[in-house]
Amino acid sequence: MAAQTDRGVPLSTLCPKYLHTNSTSHTWPFGAIAELIDNAYDPDVSAKHFWIDKIVVKEQDCLSFMDNGNGLDLETMHKMLSFGYSDKVPVKSVKPIGMYGNGFKSGSMRLGKDAIVFSKSKSVSCVGMLSQTYLEKTGANQISVPIVCFEQREPNKFSVREEHKASLQDILDHSPFNTQEELFVEVNAISSNQSTGKTGTRIIIWNLRRTSTGSTEYDFSKDRYDIQIPSDVDDEEMNDTSQHADRVTPYIPPSCYSLRAYCCILYLKPRMQIIIRGQKVKSELIAKSLALVRKDSYKPTFLPRSIRIIFGYNTKSKDQYGIMMYHKNRLIKAYERVGCQLQANNQGVGVIGVIECDYLAPTHNKQSFNETDKYRKTMNNLGTKLKEYWNEMRYKRSRDHPNSTTPVEDTMKRPDQNWVQCNDCSQWRKLPDGIDCEKLPEKWYCCMNPDPQFRNCQVEEEPVDSDDEQPSYPKPYKQQEREDRRKSQVREREQAEAARLALLAKPKQAPKRLQVTGRSPSTPTTPKTRFNTVSTQGGAVRAESSPLTPAPLSQAACSPSSSSGLPVITSVISVSPALLRGKRTQPVTSQTTPKRSKRNGVHQGSATETKQVDCLRRELDESNNERDELRSQLDSLEEERANLESQCEELRLSLQQQGENAQERSTNTASNTSRSLIELRHNVGRLLISYVPALDLDQVNYECNVIDEILEQVLTSEAEGQYNK
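Residues numbered from 1 in each chain as written. Predicted model: local features only at pLDDT ≥ 70, side-chain atom pairs only at ≥ 80, totals over all residues. Heavy atoms only, no water.

Remarks on the overall build of the chain
- Secondary structure assignment for the chain yields 14 helices and 18 strands.
- Counting over 725 residues, the chain shows a buried share of 42%.
- Of the contacts formed within the chain by residues at least 6 apart in sequence, a portion of 64% connects residues at least 24 apart.
- With the model as given, the accessible surface of the chain reaches about 40,600 Å², and the carbon-plus-sulfur share is 49%. (Helix = DSSP H or I, 4+ residues; strand = E, 2+ residues; numbered from the N terminus. Buried < 20%, exposed > 50% of the residue type's maximum accessible area, 1.4 Å probe, protein only. Contact = heavy atoms within 4.5 Å. Areas by Shrake-Rupley, 256 points an atom, 1.4 Å probe, with all protein chains shown as cover.)

Structure follows, in structure tokens:
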């Protein structure tokens, strides 16, 4: 019978098979390890160091994870081994990464079938176990988690409460540690293996997941200081396409198969030092490790503020590029290609973008984001911003190096800034540009800082993002594009004007017949109307009719042409002397043939029609006169415009010549001064080698004031030393 509440309502049970089902959310094994790292990084634990190692316990390969955080008591241990409990809150503006209360369960069970947790807090030491093998052997119907709380009454002597003895016996029977002394050794290892602090948590996972060939899904032998995923692993559950598990192509980043490389970029601003198999991971400030950095912003309609986006070139390999997407300081998607980087060309090659998307919701395994409208809009805008950065860098390259044929991504680059993390306080310090970080010792401390202001671990670190509130970087290439479009439009207008002028200047042949183009807008002509030619004989107008029905003479009209604005006759009429002498006032129709008119003696003209013809002639003469006058004015304007253009060109050439002369004089003066200053800095740099051994003179940019700053710091340090003496 299922357990019930006080009201008799049945309680839901949690089947042991759920441990495996829940673990399948992690298709990528490094994503499962990241869940355990996040638990130590969160502000409720606040660990400074995190150790990852491969150990052997009673001939079993195991994974070991340990931190020097605050440790767990009985209540927090039980919540950690239970499902859905997450009451983490921000501490000192540090946001917790954990959200669902499921990270340890899904992550540990993805790595192996069984896990045991040792934790030491200020008040008590606890041991808990989450084991699929234990549940199978005991035939459990629900998930049970044995937890033991040890109380230390005397040095090296622990006691167990009566209610925990059953849990202790199950742990001893179903774990690699079969005696209390073995458990105490692991508990004591938490504090004995650390230089500072007496609290922390240690997790050991055994019965590691294996592939179809029987080997573990990790390669521990290829690099003794790393944990890698073998290239020949054929387990389909490991093929996470979002992490580029297929490494056949050369552009797959090492972070996809090297745990050390993955931990290096796991956090946007690392605060915790990670040690893998005894060697410290050199964490990176990914946004500060790029070259040619530019800061842009994205203002979503669904947020009240803009989101900062950082673009720059990868200084290690141009084949590793894409967008690094973080959520609450934690890497969610690495090298995600967007926009032009998805095309089959070289656009966007070598460019890395960095964005912190706290407004998006990550998936259950924290390896992607939920496919929402906000996410799709963000990706589209990232593609647009990336293309703008790419165009800007190409424009800058062509402007600064007009004769260079080497693309930006193929040039040698160094990070715009040098940052290093102190091995003691874990704070980040900014170094002068002339320092080569590759030549620094493996363990670097604040006391080694050339800058005396930040030479003590007690001094707060320089704000890493102090310049992030500046507006988005200017984009001169856009101004150039607008200028090019404006010039193109001007050229098009000039070409159209030249064509019009050429048409007007073309000589016109004298017409053999009188033609009028256009019709009166107020007096539409009858459809299918056609007239023959007009001829004059002895001062009279002779009409030659058309086979079609002509319109009345009063319907002939004028309209301005497209080029000169002058009316031209298009409808053509014919009037005979007989028509002018006759008394008939009706229009001549197409049915009235010459033969029939002569036989019947019909007169086809009138005085009114004669007046209309005279009126048309006068209007035509006036229009021709007006056209000639306009042409004369246009010629005068064209001549004046040509004179003005000639004067402007002369003035421009004069100003350009004066500017070139002044620039040449200024350049010569500045060049001489610059050469003298560079030679002086070369000499000072050789003297500074004895004071700053890490200074690499070959990498120093003598055109900036790097040597000046280092010299000032050395002099200040020497002065302080003399004063202390």
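Examining helix α2 (residues 29-41)
- Its 13 residues place the ends of α2 19 Å apart at the C-alpha level, agreeing with the 18 Å of an ideal helix rising 1.5 Å per residue.
- Buried residues of α2: Pro29, Phe30, Gly31, Ala32, Ile33, Ala34, Glu35, Leu36, Ile37, Asp38, Ala40 and Tyr41, and no others. (Expected span 1.5 Å × (residues − 1).)

Considerations on the pairing of strand β3 (residues 112-120)
- For β3, a buried count of eight out of nine residues is recorded, marking the element as mostly surrounded by other parts of the structure.
- Two elements, β3 and strand β7 (residues 200-208), share eight bridges in a ladder whose sense is antiparallel. Bridge pairing links Asp114 to Trp206 in β7.
- With seven bridges connecting them, β3 and strand β4 (residues 125-131) associate as antiparallel partners. Within the sheet, the bridge partner assigned to Ala115 lies in β4 and is Leu130.
- Remark: four residues form the turn of the hairpin made by β3 and β4, two consecutive strands paired antiparallel. (Pairing = 2+ DSSP bridges.)

Let's talk about the environment of Leu111
- With respect to the helices and strands, the residue Leu111 is situated in helix α4 (residues 103-111).
- Note: C-alpha distance between Leu111 and Arg210 (99 residues apart in sequence) is 9.3 Å.
- Contacts of Leu111, omitting those with residues within four sequence positions, involve Pro29, Ala32, Ile33, Leu36, Leu63, Phe65, Ile205, Leu208, Arg209 and Tyr218.

Here we look at the nonpolar core
- Counting 87 residues, the largest nonpolar core has Ile37, Ile52, Phe65, Met324 and Val354 as the members making the most contacts within it.
- For this core, the element with the most residues is α2, which contributes eight residues.
- Filtering out sequence-adjacent residues up to four positions away, Ile52 remains in contact with Ile33, Ile37, Ser64, Phe65, Ile227, Leu259, Ile274, Ile275, Ile276 and Arg277.
- Core analysis: the second largest hydrophobic core is formed by 25 residues, Val338, Tyr359, Tyr375 and Trp390 among them. (Core = buried A, V, L, I, M, F, W, Y, C linked by side-chain atoms within 4.5 Å.)

A short note on the sheet that holds strand β14 (residues 351-356)
- In spatial order, the strands read β10-β11-β14-β12-β13; together these five strands make up an open sheet with mixed pairing. Single-partner strands in this sheet number two, and they are β10 (290-298) and β13 (330-336). Averaged over neighbouring strand pairs, the angle between their axes works out to 20° when direction is ignored. (Axes fitted to C-alpha atoms, helices over the stretch in contact; angles between N-to-C directions.)

Remarks on the pattern of salt bridges
- Under the criterion given, the structure shown has 22 salt bridges.
- Among the ionic pairs, Asp61 bridges to Lys54, the shortest N-O distance being 3.6 Å.
- Judged by its relative accessible area of 29%, Asp61 is partly exposed.
- Residue classification places Lys54 among the partly exposed positions, given a relative accessible area of 25%.
- Ionic pairing is found between Arg399 and Asp400, a salt bridge with its closest N-O pair at 3.4 Å.
- Taking the relative accessible area as the measure of exposure, Arg399 reaches 44% and is therefore partly exposed.
- Where salt bridges share partners, they join Lys269, Arg271 and Glu461 into one cluster. (Salt bridge = Lys/Arg side-chain N within 4 Å of Asp/Glu carboxyl O.)

Let's talk about the layout of surface pockets
- Each pocket or cavity is described by its volume, and for the second largest pocket that value is around 1,200 Å³.
- Together, 41 residues line the second largest pocket, and Lys282, Ser283, Glu284, Lys316 and Glu438 are the ones closest to its centre.
- Of all the secondary-structure elements, those providing two or more residues to the lining of the second largest pocket are α8 (259-264), β9 (279-280) and β15 (418-421).
- Looking at the lining of the second largest pocket element by element, the count peaks at four residues for β15.
- In the lining of the second largest pocket, the residues fall into 19 nonpolar, 11 polar and 11 charged. (1 Å grid on protein atoms, 1.4 Å probe; cavity = no way out; pocket = protein on both sides within 12 Å on 5 of 7 lines; lining within 4 Å. Points joined across faces, edges and corners; volume = space filled by probe spheres on them. Nonpolar A, V, L, I, M, F, W, Y, C, P; charged D, E, K, R; others polar.)

Some points on the environment of Val684
- Its location among the elements puts Val684 in helix α13 (residues 607-688).
- Sequence spacing of Val684 and Asp708 is 24 residues, and the spatial spacing of their C-alpha atoms is 8.7 Å.
- When neighbours within four sequence positions are excluded, Val684 is seen to be in contact with Ile707 and Leu711.

A short note on the confidence of the model for the chain
- With 77% of its residues at a pLDDT of 70 or more, the chain shows a mean pLDDT of 78.
- Contacts from residues 234-242, a stretch scored under 50 in pLDDT, to residues over four places away or in other chains number 17 contacts. (pLDDT = per-residue confidence, 0-100.)

Some words on the packing of aromatic side chains
- Enumeration according to the criterion identifies 13 aromatic pairs in this entry.
- Taken together, a centroid distance of 5.4 Å and an interplanar angle of 65° make the contact between Trp28 and Phe30 edge-to-face. Each member of the pair, Trp28 as well as Phe30, carries the same accessibility label: buried.
- Ring-pair connections join several aromatic residues into one group, and the members of that group are Trp28, Phe30 and Tyr262.
- One Lys or Arg, Lys54, reaches over the ring of Phe220 and ends 5.6 Å from the middle of that ring.
- It is Lys105 that lies over the ring of Phe83; its NZ or CZ is 5.8 Å from the centre. (Phe/Tyr/Trp six-rings, centres within 6.5 Å; stacked < 30°, edge-to-face > 60°. Lys NZ or Arg CZ within 6 Å of the ring centre and 35° of its normal.)

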